[in-house]
Amino acid sequence: MNKFKWFKNQVPDNLKVTQIYGIAFSDDGRILLRIDDGKYKLTGGHPEKSETFEETLKREFIEEVNISLKDVYYLGYLLVTENDKEQYAQVRMIAKIDKIGEQKPDIDNGKIYDRKLVSVEKVKEYLNYNDIAGNDMIDDAIILAKQKYKMII
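Below you will find a few notes about this structure. Not measured: the values here are computed from a predicted model.

1. Some words on helix α3 (residues 132-149)
Piece 1. The end-to-end C-alpha distance of α3, which contains 18 residues, comes to 25 Å, matching closely the 26 Å that a straight helix rising 1.5 Å per residue would cover.
Piece 2. Of all the residues in α3, the buried ones are A133, G134, N135, M137, I138, D140, A141, I142, L144, A145 and Y149.
Piece 3. Check the buried side of α3 and you find it contacts β1 (3-7), β2 (17-25), β3 (31-36), β6 (67-82), β7 (86-100) and α2 (123-127).
Piece 4. Capping the start of α3 is the job of one residue whose side-chain oxygen sits 3.2 Å from the backbone nitrogen of A133: D131.
Piece 5. Of the residues one or two after α3, K150 is the one with positive phi, at around 55°.

2. Some remarks on the pattern of salt bridges
Piece 1. According to the stated counting rule, one finds 14 salt bridges in the structure shown.
Piece 2. One salt bridge in this structure joins D140 and K8, with 4.0 Å as the shortest N-O distance. Pair noted here: D140 is in helix α3 and K8 is in the loop between β1 and β2, with a separation of 132 residues, a long-range link.
Piece 3. A salt bridge links K124 to D139, with the nearest nitrogen and oxygen atoms 2.7 Å apart. With K124 in helix α2 and D139 in helix α3, this residue pair connects regions lying 15 residues apart in the sequence.

3. Details of helix α1 (residues 53-65)
Piece 1. When the terminal C-alpha atoms of α1 are compared, their 18 Å separation across 13 residues agrees well with the 18 Å that a helix rising 1.5 Å per residue should span.
Piece 2. Positive phi appears at N66, one or two residues downstream of α1, with a value of about 50°.

4. Concerning the side chain of S26
Piece 1. Relative to the helices and strands, S26 resides in the loop between β2 and β3.
Piece 2. Take S26: its relative accessible area is 9%, and that puts it in the buried class.
Piece 3. Look past the residues within four positions of S26 in its chain and what remains in contact with it is K96, I97, L117 and M151.

5. A look at the packing of aromatic side chains
Piece 1. Under the counting rule described, the total for this entry stands at 5 aromatic pairs.
Piece 2. Taking the centre distance of 5.1 Å and the plane angle of 15° together, the rings of F7 and Y77 count as stacked. Of this pair, F7 sits in strand β1 while Y77 sits in strand β6, and the two are 70 residues apart along the sequence.
Piece 3. The exposure class assigned to F7 is partly exposed, which follows from its relative accessible area of 23%.
Piece 4. Each member of the aromatic cluster is reached from another via a ring pair, and the members are F25, Y73 and Y149.

The rules behind each value
Residues numbered from 1 in each chain as written. Predicted model: local features only at pLDDT ≥ 70, side-chain atom pairs only at ≥ 80, totals over all residues. Heavy atoms only, no water. Helix = DSSP H or I, 4+ residues; strand = E, 2+ residues; numbered from the N terminus. Expected span 1.5 Å × (residues − 1). Buried < 20%, exposed > 50% of the residue type's maximum accessible area, 1.4 Å probe, protein only. Contact = heavy atoms within 4.5 Å. Polar contact = N/O pair within 3.5 Å; in protein donor to acceptor, adjacent residues only side chain to side chain. Salt bridge = Lys/Arg side-chain N within 4 Å of Asp/Glu carboxyl O. Phe/Tyr/Trp six-rings, centres within 6.5 Å; stacked < 30°, edge-to-face > 60°.

Encoded structure:
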């Protein structure tokens, strides 16, 4: 079983980054969730060679949910320990929703994901993380969004 630990600092140079996901905020302070087979999730994916974290996040949001982002900020990373041996990082970022396009199939798998804007008070219920790290990450995302976007949430 994987173990997760949340860090707000930069990913160490020697740690592989396997994914970049975002907590995207609407102008009224709600968070966008992607619905995949009835489960609520954040949007993101794997970085491609030579992409920055921001470029990966923006590309994945267009590919998966056809939403463009702006004002992207690094939040931190989850340190994942797999089988008590291998460790890698999953980067998390925050962003503002720029434009919401029509739903269209994900170019990687052909799925059309439903999307839902959820209040910050309810987002943890929808995501239903079983670990402290995921919930701490959401708390830190809300705090950073308040600072960066001057949101009253």
